[in-house]
Amino acid sequence: MRSIPLTFCAAAVAAATLVPVPSALAEAGSGHEDPRSRATLSVSPSSVAPGGEVDLEFAGCKGKEATGSSDAFVSQARFSPGADRAALFAEARIRSDAEPGDYDVQAVCKDDKRTKASAVLTVVHRNRPMPVAPVRAGGGGTAALAGEATEQAGPGTAHEVIGLALAAVAAVAVAFRSVRRRPAAD
């Protein structure tokens, strides 16, 4: 009797593993890729505030130099080979007056094919100020609250009177209970 549910479970597992295969084959295409599409440009970080810097990596360029440009950059970025020579690297500074939004970044390789690649950079404005120097240890984010803490001097006279009254009530309760527990002397 248990073979029927086991058969259905096995069929479900087989179907689940075989269904993604046709979709993966369809995405692979016919295998004829344009060699110019193998160049890639990556921007890190992908979102940055005005005045910040981004690192650019241009892979797929056969030359030793490339240039990068964007409306968000202060000036044109100049790529140079990295230590592993597999890609070209550059740094770019974002204009301090750049408006928030997405900006296209283009890189052009200085090789015989003029290989090109593009990426998107997002400029964001941060509402709160970012630290520009290390924070002194010992307070962190609570340093702003330290001034408020010194204004509170502790318990006042009212708190002391209430505390003394509660202590007196507790003492009377203990004394009353100890008197009740004593055996009666005959």
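As a reminder, the structure under discussion sits directly above these lines.
Now for a quick tour of the structure. (Residues numbered from 1 in each chain as written. Predicted model: local features only at pLDDT ≥ 70, side-chain atom pairs only at ≥ 80, totals over all residues. Heavy atoms only, no water.)

1. Looking at the state of the cysteines
Link 1 in the chain: This structure, assessed with the given rule, holds 1 disulfide.
Link 2 in the chain: A sulfur-sulfur distance of 1.7 Å marks the disulfide that ties Cys61 to Cys109. Sign of the S-S torsion, about 65° for the bond between Cys61 and Cys109, identifies this disulfide as right-handed. Highlighted residues: Cys61 in the loop between strand E3 (53-59) and strand E4 (66-69) and Cys109 in strand E7 (residues 101-109), separated in sequence by 48 residues. The residues Cys61 and Cys109 share a single accessibility class, namely buried. (Disulfide = S-S within 2.5 Å. Helix = DSSP H or I, 4+ residues; strand = E, 2+ residues; numbered from the N terminus. Buried < 20%, exposed > 50% of the residue type's maximum accessible area, 1.4 Å probe, protein only.)

2. Details of helix H4 (residues 157-181)
Link 1 in the chain: The end-to-end C-alpha separation of H4 is 37 Å, in line with the 36 Å expected for 25 residues at 1.5 Å each.
Link 2 in the chain: Burial of H4 is sparse: only 0 of the 25 residues sit out of reach of the surface. (Expected span 1.5 Å × (residues − 1).)

3. Thoughts on the pattern of salt bridges
Opposite charge on two side chains permits pairing when their charged atoms draw close.
Link 1 in the chain: Under the defined criterion, the tally for this structure stands at 3 salt bridges.
Link 2 in the chain: One salt bridge connects Arg93 with Glu53, and the closest N-O pair in it is separated by 2.7 Å. In this pair, Arg93 sits in strand E6 (residues 87-93) while Glu53 sits in strand E3, placing the two residues 40 residues apart along the sequence.
Link 3 in the chain: For Arg93, a relative accessible area of 43% corresponds to the partly exposed category.
Link 4 in the chain: In this structure, Arg95 and Asp97 form a salt bridge, with 3.0 Å as the shortest nitrogen-oxygen distance.
Link 5 in the chain: Accessibility expressed as a relative area gives 25% for Arg95, which makes it partly exposed.
Link 6 in the chain: For Asp97, a relative accessible area of 52% corresponds to the exposed category. (Salt bridge = Lys/Arg side-chain N within 4 Å of Asp/Glu carboxyl O.)

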